[in-house]
Amino acid sequence: MSNRSMSEVPPPMHEQARGAKSPKPGASSAQDEGQIMINVFNSYNQNSIAIIICCDEYVNLPNLKYAVADGRKLQALFKKVGGFETTILINGQVLKQNIEAELAQVIRQYPYTRPTIGRLYIMLAGHGHEDAATGSSVFCCTDFDPNDAYNTSYPLKELKDKIQHIGIMHVAVHCDSCKGGGIFLGSRAVRDIPYNYV
């Protein structure tokens, strides 16, 4: 004999069926879609990177007035919006090896072999130049030297190639410099990266 009281005994099956609410059509799939959207938003928040490179001060070129100010405003905006891991290189920090190091870190963290839902925003603000040897566009580093242009600038073609190796699925390149449109020149990329150019 069971020790449960009558109040603990479940009602007959026909009463259970009568009192139960039948699931709404599509309820399960709607819940699945909701969870998918939550996962997507979480992935964006966990995998959003901004690299801001801005230079007003040059050794061999006229100084600028607003590149750093614009970069700092963008940095403040990302901080206000939240969710972005932001790195900013300013004036004397804007060297080819430092730009290479920042991009290499992103490539290691987000290789193209592992596509990741996220956002990568790259800003280049400063002088731009056309490389005499190749005709391609370059972003001038703080130590830019016309007699050593390749080693003191960052070719936009190399930036485009680096993006090919990054697995973050949404990439925006904001190039505020002369000849910045040169990132579109050259051969077509092997992979069709859905990045935006501002």
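Quick note: structure is the one above.
Everything quoted here is computed from the prediction, not taken from an experiment. The written sequence of each chain sets the order in which its residues are numbered from 1. Predicted model: local features are reported for residues with pLDDT of at least 70 only, side-chain atom pairs are reported and counted for 80 or more only, and whole-chain, interface and lining totals are derived from all residues. Computation of side-chain values: all heavy atoms of the structure, hydrogens and water removed.

**A word on the environment of Met169**
By secondary structure assignment, the location of Met169 is in strand β7 (residues 168-176). A simple rule labels every residue: compare its accessible area, found with a 1.4 Å probe on the protein chains alone, to the largest value its type can have, and call it buried under 20%, exposed over 50%, or partly exposed in between. Of the residues examined, Met169 reaches a relative accessible area of 36% and is grouped as partly exposed. Helix and strand definitions follow DSSP, with helices as H or I runs of at least four residues and strands as E runs of at least two, each counted in order from the N terminus.

**Details of the nonpolar core**
Here the nonpolar core consists of buried residues drawn from Ala, Val, Leu, Ile, Met, Phe, Trp, Tyr and Cys, with membership extended through side-chain atoms lying within 4.5 Å. One finds Ile53, Ile99, Val106, Leu120 and Leu159 to be the most contacted residues of the largest nonpolar core, which totals 28 residues. When contributions to this core are tallied by element, the ones reaching two or more residues are β1 (48-54), α4 (96-109), β3 (116-125), β5 (137-140), α5 (156-164) and β7. The dominant element in this core, judged by the number of residues it contributes, is β7, at 4 residues. Setting aside chain neighbours within four positions, we find Leu120 in contact with Ile49, Ile51, Val106, Ile166, Ile168, His170, Val171 and Ala172. Among the nonpolar cores identified, the runner-up in size contains 14 residues, and Ile52, Cys54, Ala67 and Ala172 belong to it. Any pair of residues with heavy atoms lying within 4.5 Å of one another is described as a contacting pair.

**So, α4**
One less than the residue count of a helix, multiplied by 1.5 Å, gives the span that helix is expected to have. A rise of 1.5 Å per residue sets the reference length of α4, with its 14 residues, at 20 Å; its end C-alpha atoms lie 20 Å apart and thus fit the reference within 8%. Here the buried face of α4 lies against β1, β2 (85-90), β3, β6 (153-155), α5 and β7.

**Quick look at the environment of Glu100**
Inspection of the secondary structure assignment puts Glu100 in helix α4. Each residue touching Glu100, except ones within four places of it in the same chain, is listed here: Tyr154, Glu158 and Lys162. A distance of 3.2 Å separates polar atoms of two side chains, one belonging to Glu100 and the other to Lys162. Whenever a nitrogen or oxygen atom comes within 3.5 Å of another N or O atom, the pair is scored as a polar contact, on the condition that within protein one atom can donate a hydrogen and the other can accept it, and that pairs from neighbouring residues in sequence are kept only if both atoms are in side chains.

**Observations regarding the sheet that holds β6**
Paired strands are those between which DSSP finds at least two bridges. Pairing is antiparallel across the open sheet formed by 3 strands, whose spatial order is β4-β5-β6. Both outer strands of the open sheet, β4 (128-130) and β6, are each paired with one neighbouring strand and no more. Direction aside, neighbouring strands of the sheet carry axes that sit 35° apart on average. Inspection of the sheet shows β4 paired to β5 by 3 bridges, in the antiparallel sense. Residue Gly128 lies in a different strand from β5, and its bridge partner there is Phe139. Between the N-to-C directions of two axes lies an angle of 0 to 180 degrees, each axis being a line fitted to C-alpha atoms and, for a helix, fitted only over the stretch in contact.

**Considering unusual backbone geometry**
Its identity as a non-glycine residue notwithstanding, Asn91 has a phi of 45°, on the positive side. Relative to the elements of secondary structure, Asn91 occurs in the loop between β2 and α4.

Remember, this is a structural readout, not a statement about activity or role.
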